[in-house]
Amino acid sequence: MAAATDIENVPMFCFQCEQTAKAEACTIRGVCTKDAQLAGLEDHLMWGLQSLAVHAQVALDGNIPLPENLYMFMAKALFSTLTNVNFSCDDIVSFIRECVEFRDLIKSSNPTPVQPLPGETFYSGNCGSLLNHTAVATWVPGATMADMIAEARAFLISKRFARLGKDRVCLQELLMYGLKGIAAYYYHSQVLGLQNEDIGKFSIKALAFVHKEDPSVDELLGMCLECGKVNFATMELLDKANTSHYGNPEPTKVLWAKTPQCAKEGKAILVSGHDLWELEEILKHTQGKGINVWTHGEMLPCNAYPLLKKFPHLVGHYGTAWQNQKREFEVFPGPIFMTTNCYIPAPRTYVNRVFASTPVGGVDVKKRENFDAMIQCALEMPGFQAPTEPLGYLTIGFGHNATLGAAGTVIDAVKSGALRRIFLIGGCDGFEKERNYYTEFAEKVPADCLMLTLACGKFKVNMNDYGTLVGLPRLLDMGQCNDAYSAIRVAVALAEAFNTDVNSLPLSLILSWFEQKAVAILLTLLYLGIKNIYLGPRIPGFFTPTILNILKEKFSLQIVGNVDNDLRTILGTH
């Protein structure tokens, strides 16, 4: 029999995403390719952000102004720790040092410094294993990266298990992962010029709350639901930022080049990730240069925004979901620009033509100062040749504005019996074969049902033509993951029209999760009281049996199983 793992002394402990090893935790090297050094630095950065937050909370309580750009820094730093965003140790060290600068600036303006908890003394030194309020308040990172990596051993998530028990630690992490999702959306909103101080203040509150002495399960769950509430406000803010600047997405037929053989001829740049502003800037800088711009992954919905559609050299979408990027980027005949996740560290064969915006990092990835080098790369590369296979197209753009425009048709169809049920099938995509559940589910949804989809999970269902129902496509693409806000808007509007609540609608949510933005969205749905959500393909590693039972009892959360059985249960057929 193999010896039991000493969970407090493993090289790393990360279980924040769905692909985590054995659905439990990555303890040697991340499935995402993150090594123990990077994992330690990310743990250290989270500790630094918590230290900053403890002091910022005291300042807020005393009505002391916080430093300018603090909320943008916190969003950017948290965003960098999401799965498949930043693989650069140097970047994470820079964020850690900025934490110190912001924290010390707050301390210098606060006449009421953080006090030790009863029975504690101020902690100084290299943090050791003392994990409490005072330790985080007085944190000082080492001078070098090697020092920071060594000190990070004290911040290993699993070291908290013995003190608090796994259930409570996992709820703390559920809160932190939801907060990371909020940070990603808030970062995009701030880039477009919209802020909401309440979102920044909650980030401070949540980061400081992790160091509450002996929190109860109910307190932790309450904070997680509050996180869901704040994420709803954040998605609403991002929707406002996107639509006020770019217009409401509109149903649009988009050229979809699944391979180079069916792409439009010409020089090319590929833009992947989620950031509309970065795409707009690239389009502006490439006007008149004879370069076509293609979207990839979750940038697909950008092709439906009126302002972006005005650029004639935004020609369409190339490839599929993020997990296929190594194959798809390898044969793309131009440079690739990563705006956000999901980035898979590029091999030597094409890393020299990968460019990135601030949150993204990796070995040899070039951070942009301007777009000159990328444009030159595009002009020097061959670009796509004349297509040798038929061109393909995809219809997108069914955000809340477009979908609510058809609400009367949907309501009449439900009342007449022509429309039996609506399924939202979406979320994250990934490598695992278990995700084929969602493809099979969509194929087996009865012809008298509509389907909505969003996020990169759409690529599990959008390769088929499902026909039409009551004059609408049976599959309506609502956009990116943050456009879960659109789906909620539509559900609430339908509930009001039927004078009922969302849980009583003929609506089922069949969701796939992968990373931390999906966690934030799940917490939002739970905060809104939405029940009978089907979640998969696997149970999160940070859902202990106790946590899972709580969510099943309170919210009737379901874990996906057999497609036929799940459909029979939902439709009430046997």
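As the structure is a prediction and not an experimental result, all values here were calculated from the model.

Caption draft 1: Layout of the sheet that holds strand 15 (residues 534-536). Read across the sheet, 6 strands follow the order 13-10-9-14-15-16 without closing on themselves; strand pairing throughout is parallel. Strands with a single pairing partner mark the edges of an open sheet, and in this sheet they are strand 13 (475-477) and strand 16 (558-559). The pairing of strand 15 with strand 16 spans 2 bridges and is classified as parallel. Within strand 16, the position partnered with L535 by the bridge is I559.

Caption draft 2: Broad picture of the pairing of strand 4 (residues 314-318). Buried residues dominate strand 4, accounting for 5 of its 5 residues. Sheet topology places strand 3 (residues 291-295) next to strand 4; 3 bridges connect them, and they run parallel. In the sheet register, W294 faces strand 4, and the bridge partner there is G316.

Caption draft 3: Structural view of the pattern of salt bridges. Per the counting criterion, the structure on display carries 22 salt bridges. One salt bridge connects K444 with D564, and the closest N-O pair in it is separated by 3.1 Å. Of this pair, K444 sits in helix 16 (residues 436-444) while D564 sits in helix 20 (residues 563-571), placing them 120 residues apart in sequence. On the basis of relative accessible area, D564 is assigned to the partly exposed category, the value being 32%. Here E515 makes a salt bridge to K517, at a shortest N to O gap of 3.9 Å. Of the two residues, E515 and K517, both sit in the buried class. What emerges from the salt-bridge pattern is a single network uniting E18, E432, R435 and R538.

Caption draft 4: Representation of the packing of aromatic side chains within the structure. Counted by the stated rule, this structure contains 26 aromatic pairs. With a centroid separation of 5.9 Å and an interplanar angle of 70°, the aromatic rings of F15 and F542 are classed as edge-to-face. Taken as a pair, F15 in the segment before helix 1 (36-61) and F542 in the loop between strand 15 and helix 19 (545-555) lie far apart in primary sequence, 527 residues in all. For the pair F423 and F441, a centre-to-centre distance of 5.5 Å together with 70° between the ring planes defines the contact as edge-to-face. Placement of the pair is F423 in strand 9 (residues 421-427) and F441 in helix 16, with a sequence separation of 18 residues. With respect to class, F423 is no different from F441; both count as buried. In this structure an aromatic cluster arises from ring pairing among F13, F15, F161, Y177, W513, F542 and F543. Directly above the aromatic system of F355 lies the positively charged group of K366, at a separation of 5.1 Å from the ring centroid.

Caption draft 5: Structural detail: the nonpolar core. The biggest cluster of nonpolar side chains holds 165 residues, and the ones touching the most others in it are L49, W294 and F543. Sort the elements by how many residues they give to this core and helix 7 (residues 166-191) lands first, with 14 residues. Excluding anything up to four places from it in sequence, L49 contacts F73, M74, A77, L78, C99 and L207. Formed by 21 residues, the second largest nonpolar core is a distinct cluster that contains I282, I291, L314 and M374.

Caption draft 6: View of the side chain of T320. Assignment of secondary structure puts T320 in the loop between strand 4 and helix 12 (325-330). For T320, a relative accessible area of 18% translates into the label buried. A polar side-chain atom of T320 sits 2.8 Å from a polar atom in the side chain of N324. Within polar-contact distance, the side chain of T320 engages the side chain of E328 at 2.5 Å. If near-sequence neighbours (up to four positions away) are discounted, T320 is found in contact with W256, H296, G297, E328 and F459.

Caption draft 7: Main features of the environment of C342. With respect to the helices and strands, the residue C342 is situated in the loop between strand 5 (336-338) and strand 6 (354-356). Take C342: its relative accessible area is 8%, and that puts it in the buried class. The contact partners of C342, leaving out residues within four places of it in the chain, are N84, W322 and Q325.

Caption draft 8: Fine view of unusual backbone geometry. Put simply, N341 and C342 share a cis peptide bond, and its omega is 10°. The omega angle of the peptide bond from G536 to P537 is 5°, so this bond is cis rather than trans. Positioned with a positive phi, A23 is a non-glycine residue whose angle comes to about 60°. Take A23: its relative accessible area is 25%, and that puts it in the partly exposed class. Even without glycine at this site, N69 takes up a positive phi of about 70°. Mapping N69 onto the fold places it in the loop between helix 1 and helix 2 (70-80).

Thresholds applied
- Residues numbered from 1 in each chain as written.
- Predicted model: local features only at pLDDT ≥ 70, side-chain atom pairs only at ≥ 80, totals over all residues.
- Heavy atoms only, no water.
- Pairing = 2+ DSSP bridges.
- Helix = DSSP H or I, 4+ residues; strand = E, 2+ residues; numbered from the N terminus.
- Buried < 20%, exposed > 50% of the residue type's maximum accessible area, 1.4 Å probe, protein only.
- Salt bridge = Lys/Arg side-chain N within 4 Å of Asp/Glu carboxyl O.
- Phe/Tyr/Trp six-rings, centres within 6.5 Å; stacked < 30°, edge-to-face > 60°.
- Lys NZ or Arg CZ within 6 Å of the ring centre and 35° of its normal.
- Core = buried A, V, L, I, M, F, W, Y, C linked by side-chain atoms within 4.5 Å.
- Contact = heavy atoms within 4.5 Å.
- Polar contact = N/O pair within 3.5 Å; in protein donor to acceptor, adjacent residues only side chain to side chain.

Without other data, these values stay purely geometric and don't point to any function.
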